[in-house]
Amino acid sequence: MQADAQQAAGRPLGFADPAIRARYRSLGTRAFHTVTDDPGGSTKAVAYDNGVTGGVRQGWLFTLGTDYTLKAGPGYNDVTGVGSPKLGYLLSFRH
C-alpha cells in the first residue's frame, strides 16, 4: 500500500507514520476502514506465526476482543492502528 502511495505522490515518502496519522486526523473514514473486534456479528481471529521449528510450524491463535488484552475498537487502537487503508488514502497523495 505504501508503494502505491509513493507512486501516487511521485516522490519518496520516507517514514510512513506521520503521513498515516495526518491523513487519519484529516480524512478519517474516507481514508481508512475501521477494524473492530466484531464488525459483522462474528469474532475475527488474528494468528501470530513463530516460523518453523524442527520441521513443524509453530504459532498461537488469539481471538480479538477475547484473549489477553487484544481489543480492536473504533478509532486508533493497539491491534489495528488506524485501520486498513481505503482508496481515499492513496488519492490523498496525488498532486
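Residues numbered from 1 in each chain as written. Predicted model: local features only at pLDDT ≥ 70, side-chain atom pairs only at ≥ 80, totals over all residues. Heavy atoms only, no water.

**What about the overall build of the protein chain?**
Logical step 1: A count of helical and extended segments in the protein chain gives 3 helices and 4 strands.
Logical step 2: Ordered by position from the N terminus, the helices and strands of the protein chain form the series α-α-β-β-β-β-α.
Logical step 3: In the protein chain, of all internal contacts separated by at least 6 residues, the share reaching a separation of at least 24 is 56%.
Logical step 4: Summing over all exposed atoms, the protein chain offers an accessible surface of approximately 6500 Å²; the carbon and sulfur share of this is 55%. (Helix = DSSP H or I, 4+ residues; strand = E, 2+ residues; numbered from the N terminus. Contact = heavy atoms within 4.5 Å. Areas by Shrake-Rupley, 256 points an atom, 1.4 Å probe, with all protein chains shown as cover.)

**Overview of the confidence of the model for the protein chain**
Logical step 1: Put simply, the protein chain has an average pLDDT of 79, and 76% of its residues get 70 or more.
Logical step 2: For the protein chain, per-element mean pLDDT is lowest for strand E2 (residues 45-53), which scores 66, and highest for helix H2 (residues 17-27), which scores 90. (pLDDT = per-residue confidence, 0-100.)

**Brief notes about the pattern of salt bridges**
Oppositely charged side chains may form a pair once their charged atoms are brought near each other.
Logical step 1: A full pass over the atoms with the stated rule returns 1 salt bridge.
Logical step 2: In this structure, aspartate 17 and arginine 21 form a salt bridge, with 3.0 Å as the shortest nitrogen-oxygen distance. Of this pair, aspartate 17 and arginine 21 are both found in helix H2, 4 residues apart, which corresponds to roughly one turn of the helix.
Logical step 3: Take arginine 21: its relative accessible area is 37%, and that puts it in the partly exposed class. (Salt bridge = Lys/Arg side-chain N within 4 Å of Asp/Glu carboxyl O. Buried < 20%, exposed > 50% of the residue type's maximum accessible area, 1.4 Å probe, protein only.)

**Section: the nonpolar core**
Logical step 1: Counting residues in each nonpolar core, the largest one holds 10 residues, listed as Ala5, Ala9, Leu13, Ala19, Ala31, Phe32, Val82, Tyr89, Leu90 and Phe93.
Logical step 2: Of all elements in the fold, only helix H1 (2-9) and helix H3 (87-91) reach the threshold of two or more residues within this core.
Logical step 3: If sequence neighbours within four positions are ignored, leucine 90 has contacts with Met1, Asp4, Ala5 and Ala8. (Core = buried A, V, L, I, M, F, W, Y, C linked by side-chain atoms within 4.5 Å.)

**With respect to the side chain of arginine 23**
Logical step 1: As for its placement among the helices and strands, arginine 23 is situated in helix H2.
Logical step 2: Buried charge without a salt bridge: arginine 23, with aspartate 17 as the nearest opposite-charge side chain at an N-O distance of 11 Å.
Logical step 3: In contact with arginine 23, other than residues within four places in its own chain, are Gly28, Ala31, Phe32, Tyr89, Ser92 and Phe93. (Lys, Arg positive; Asp, Glu negative; His and termini not counted.)

**Observations concerning the packing of aromatic side chains**
Logical step 1: Scanning all chains against the criterion turns up 3 aromatic pairs.
Logical step 2: A ring pair is formed by tyrosine 89 and phenylalanine 93, whose centres lie 5.2 Å apart and whose planes are at 80°; its orientation type is edge-to-face.
Logical step 3: In this structure phenylalanine 93 comes out as buried when scored by relative accessible area, which is 6%.
Logical step 4: Three or more aromatic residues joined by ring pairs make a cluster, and in this case those are Tyr24, Phe32, Tyr89 and Phe93.
Logical step 5: For the cation-ring pair, arginine 21 lies above tyrosine 76, with the distance from its terminal atom to the ring centre recorded as 5.5 Å. (Phe/Tyr/Trp six-rings, centres within 6.5 Å; stacked < 30°, edge-to-face > 60°. Lys NZ or Arg CZ within 6 Å of the ring centre and 35° of its normal.)

**Description of the environment of leucine 70**
Logical step 1: On the secondary structure map, leucine 70 appears in the loop between strand E3 (56-63) and strand E4 (84-85).
Logical step 2: Each C-alpha atom, one on leucine 70 and one on threonine 80, is 9.7 Å from the other, the two residues being 10 residues apart in sequence.

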